[in-house]
Amino acid sequence: MNRITSLLFVAMMALVACAPQPDSSRIGPDGNPLPTVYRIKARDTADIQFRMLDSVNALRLAAGASQVKLDAPLNAAAATHSRDMAVQNRPWHFGSDGSSPIDRVRRVGYTGTLLGENISETYETELETLAAWMELPQTRNVILDTNAANMGFAWFQEPNGKVWWTLVMGS
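Residues numbered from 1 in each chain as written. Predicted model: local features only at pLDDT ≥ 70, side-chain atom pairs only at ≥ 80, totals over all residues. Heavy atoms only, no water.

Caption draft 1: Examining the pairing of strand E4 (residues 163-170) more closely. Of all the eight residues making up E4, eight are buried; the element is thus mostly covered by neighbouring parts of the structure. Residue alternation in E4 divides its side chains into two sets, Val163, Trp165, Leu167 and Met169 and Trp164, Thr166, Val168 and Gly170, and both sets are buried. Pairing geometry for strand E2 (residues 114-122) and E4, over eight bridges, is antiparallel. When the bridges of E4 are listed, glycine 116 appears paired with methionine 169. Sheet topology note: the strand E3 (residues 150-157)/E4 ladder contains eight bridges and is antiparallel. Each residue of the ladder has a partner; that of phenylalanine 156, found in E4, is tryptophan 164. (Buried < 20%, exposed > 50% of the residue type's maximum accessible area, 1.4 Å probe, protein only. Helix = DSSP H or I, 4+ residues; strand = E, 2+ residues; numbered from the N terminus. Pairing = 2+ DSSP bridges.)

Caption draft 2: Quick peek at the nonpolar core. One finds Val56, Met151, Phe153, Trp165 and Leu167 to be the most contacted residues of the largest nonpolar core, which totals 22 residues. If you list the elements that add at least two residues to this core, you get helix H2 (45-62), helix H5 (126-135), helix H6 (137-144), E3 and E4. Discounting chain neighbours no more than four positions away, the residues touching valine 56 are Val68, Leu130, Ile143, Met151, Leu167 and Met169. Formed by seven residues, the second largest nonpolar core is a distinct cluster that contains Leu74, Ala78, Val105 and Val168. (Core = buried A, V, L, I, M, F, W, Y, C linked by side-chain atoms within 4.5 Å. Contact = heavy atoms within 4.5 Å.)

Caption draft 3: Expanded view of H5. When H5 is considered as a whole, its buried residues turn out to be Glu126, Thr129, Leu130, Trp133 and Met134. Viewed along the axis of H5, the buried residues span an arc of 140 degrees, placing them on a single side of the element. Those residues of H5 that are buried are in contact with H2, E2, H6, E3 and E4. (Arc of directions from axis to C-beta.)

Caption draft 4: Seen up close, the packing of aromatic side chains. Tallied over the full model, the rule gives four aromatic pairs. Note on tryptophan 92 and phenylalanine 94: the rings are 5.5 Å apart at their centroids and 65 degrees apart in plane angle, and the pair reads as edge-to-face. Of the residues examined, tryptophan 92 reaches a relative accessible area of 30% and is grouped as partly exposed. A residue is classified by how much of its surface remains accessible, and phenylalanine 94, at 39% relative accessible area, is partly exposed. (Phe/Tyr/Trp six-rings, centres within 6.5 Å; stacked < 30°, edge-to-face > 60°.)

Right, here's the structure in full:
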């Protein structure tokens, strides 16, 4: 019996030695894995926009609000502002030309009413960004506005991986 136990122990140790070991260069001082850069490829645009739309609509339905749909002009306004924030290197609601969110949605031909704009500068995914927006009353209110019927969502990613996100809601 001892011989079988010894053989099993040796076999287990051999298997453990063969298991892939974590890359110590990817482990932080706290022992947790270091974050990886979220890389967005051009072909991911529709997937990301519809993943965000589905997530926003799930949150809206849970809050008793009607669903929204993606709107091409609002997407264009969001994309323009995301790129402009990267150029300015600061997340804020005004364009480098002094434009406001209202100015930007008018420029792209949106005929509805702008209800709000959420912005973010981060290395996180779109869903992590949405979760962060839902934690703050001001940005949560934009997402859950019961008057909203349309949503625009876009981003600009810098070569270093930083993502500038913009979500626009309109009626």
